[in-house]
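Listed here are the chains, written in short residue letters.
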Amino acid sequence: MSSERMFQAPEISRYRVGEFAVTVLSDGSLDASLDLLDGIDQDEALSLLSAADTSPSSHMNINAFVIEAGARTILIDGGAGNLNGWGGRLMPALIAAGYDPLQIDTILLTHGHSDHVGGLAGPFATKSFRNVEKFFLHQAELNFWRNEERRDAAPVAHQRLFDVARNVLDAYQQQITPFEDRDVLLPGITAVHLPGHTPGHSGYLLESEDDSLLIWGDVLHFPHIQVARPDVTFAFDHNPGLAAKTRRMILTELSRNNRYVTGVHFNAPVRAKIESDKDAFRLTYDL
Ligand SMILES: [Zn+2]
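Residues numbered from 1 in each chain as written. Predicted model: local features only at pLDDT ≥ 70, side-chain atom pairs only at ≥ 80, totals over all residues. Heavy atoms only, no water.

Peer 1: What am I meant to see in the coordination of the zinc ion here?
Peer 2: In ideal tetrahedral geometry, four donors around a metal make angles of 109.5 degrees, whereas ideal octahedral geometry with six donors gives angles of 90 or 180 degrees. The zinc ion binds to the protein through Asp115 (OD), His116 (NE2), Asp218 (OD) and His265 (NE2), with metal-donor distances spanning 2.1 to 2.2 Å. Every donor counted, the 4 donor atoms about the zinc ion form angles of 82 to 166° at the centre, which fits irregular coordination. Sequence positions of the residues that donate to the zinc ion give the spacing D-H-x101-D-x46-H. Residue aspartate 115 is found in helix H3 (residues 114–117), and its partner aspartate 218 is found in the loop between strand S14 (211–216) and helix H7 (223–228); the two are separated by 103 residues along the sequence. Comparing aspartate 115 with aspartate 218 shows no difference in burial state: the two are buried. (Donors = N, O, S within 2.8 Å, 3.2 Å for Na, K, Ca; no water. Tetrahedral: all angles 85-135°; square planar, octahedral: opposite > 155°, others 65-115°. Helix = DSSP H or I, 4+ residues; strand = E, 2+ residues; numbered from the N terminus. Buried < 20%, exposed > 50% of the residue type's maximum accessible area, 1.4 Å probe, protein only.)

Take a look at the structure:
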C-alpha cells in the first residue's frame, strides 16, 4: 500500500503565446465512460485508445486556463466546482500556479455545461471571482440557458443543468458581455463560434507575434477517439450532427495552420498539434 498516491499536486503547464502567458491547470475529473460515445463500438474505441498509447479510463480530465494579457488576468471556464463530486480543484490549482482568485478580472466561457461553470459561483449566485469586470459568452449560449420553456420541457436531470448555469449567469449578471461568432473580444483574442455541442459553444483564438493558440471547450471529449473518428458524437451534444461537422471543420483548419490547440477535456493540462491523416486526424500532445 505504501506505493499508493495519497495526494496529487495540481498539474500545471505554462506556455508563452507571443505576449500572452497561458497557464493550463486541471480542476480534477468527472466520471465518464465510453458508453457516452455514439457511432462507435467499444472494441473500436478501445483499439483507437491503444493505438494512441492511451489506456481507457473511467475519468475525464477537466482543464481551465489563465491568460495574462497585458494588465488583464483572464480565466477561461471554471471547472465543475465539486458538483456531483466532480472537479473542484480549480482554487488550489490557481493558488499553486501563483494566482489569487481576486486577480481574475475577465472570464471567457466556452459554454454553460456544469463541468465548465460549476466552479464560477457558489450557492445563491455568489461569485467565486469577485473582481470580474467582464464575463464574455456567445449570445446563443446566453439565450439557450435563459430560455424558460426549454428548461421546463427538459427532463428533470437536465433541468439541474439549467439551474447551475443560471446560478452563474445570475452571479455575473452585471458583467455579462455577449458576443457573436468571430468577434475580437480583446487585443489578440478572437471568439470562434464552434456550435453543435451547445448552440453557443465557442473557442478563443490567441494571436500574438506570429504565435497562436486555440482554446476550446468540448470539441473533443475523448480526444484520441474523436480525432480518428470525427463523426463519433457525445451523449451531451445538443446537436450531434452539427457538433461532428464543426469538429471536422476546426480540425481541418488547425492541421492546415499547424496551430497549437488546447481543450477542457484534453487528457492532461497540456496543448497539442493536429495533423491530418487521410480522412481523419491525429493528435499529438506537447508533453
Ligand atoms: Zn465538458
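Next comes the rest of the write-up.
Peer 1: Would you explain helix H8 (residues 240–257) in this entry?
Peer 2: The α-helix winds at 3.6 residues per turn, so residues separated by three or four positions along the chain end up facing the same way. Over its 18 residues, H8 runs 26 Å from end to end, which matches the ideal 26 Å to within 8%, given 1.5 Å per residue. Each element contacted by the buried residues of H8 is listed here: S14, H7, strand S15 (233–234), strand S16 (260–263), strand S17 (272–277) and strand S18 (280–285). Positive backbone phi, approximately 55°, marks asparagine 258, located one or two places after H8. (Expected span 1.5 Å × (residues − 1). Contact = heavy atoms within 4.5 Å.)

Peer 1: Can you help me understand the UniProt feature "domain: Metallo-beta-lactamase" (unreviewed entry) in the protein chain in this one?
Peer 2: Under the present numbering, the feature "domain: Metallo-beta-lactamase" (unreviewed entry) in UniProt falls on residues 61–264. As annotated, residues 61–264 comprises 32% helix and 28% strand, and the C-alpha atoms at either end are separated by 8 Å. (UniProt positions renumbered as here; feature names shortened; annotations may be inferred.)

Peer 1: Before we go on, may I ask you to explain the side chain of serine 255 in this structure?
Peer 2: Along the chain, the position of serine 255 falls in helix H8. Residue serine 255 is classed as buried on the basis of its relative accessible area, which comes to 19%. A polar contact is formed between the side chain of serine 255 and the backbone oxygen of threonine 252, at a distance of 2.8 Å. In this structure serine 255 touches Ile274, Glu275, Ser276 and Phe281, once residues within four positions along its chain are discounted. (Polar contact = N/O pair within 3.5 Å; in protein donor to acceptor, adjacent residues only side chain to side chain.)

Peer 1: Looking at this model, I keep getting lost on helix H4 (residues 139–146). Mind explaining?
Peer 2: Turning to H4, its buried residues are Glu141, Leu142, Phe144 and Trp145. For H4, the buried positions fall inside an angular range of 160° around the axis, keeping them on one side. Structurally, H4 contributes buried residues whose contacts are with strand S9 (134–138), helix H5 (148–153), helix H6 (156–171) and strand S10 (176–179). (Arc of directions from axis to C-beta.)

Peer 1: What exactly am I supposed to notice about the pattern of salt bridges here?
Peer 2: A complete count under the given rule lists 11 salt bridges for this structure. When the shortest N-O distance is used, the salt bridge between aspartate 152 and arginine 151 registers 3.2 Å. Taking the relative accessible area as the measure of exposure, aspartate 152 reaches 48% and is therefore partly exposed. Ionic pairing is found between arginine 151 and aspartate 163, a salt bridge with its closest N-O pair at 2.8 Å. Placement of the pair is arginine 151 in helix H5 and aspartate 163 in helix H6, with a sequence separation of 12 residues. The partly exposed category is assigned to aspartate 163, whose relative accessible area is 36%. One connected set of salt bridges, linked through shared partners, spans Glu44, Arg229 and Asp231. (Salt bridge = Lys/Arg side-chain N within 4 Å of Asp/Glu carboxyl O.)

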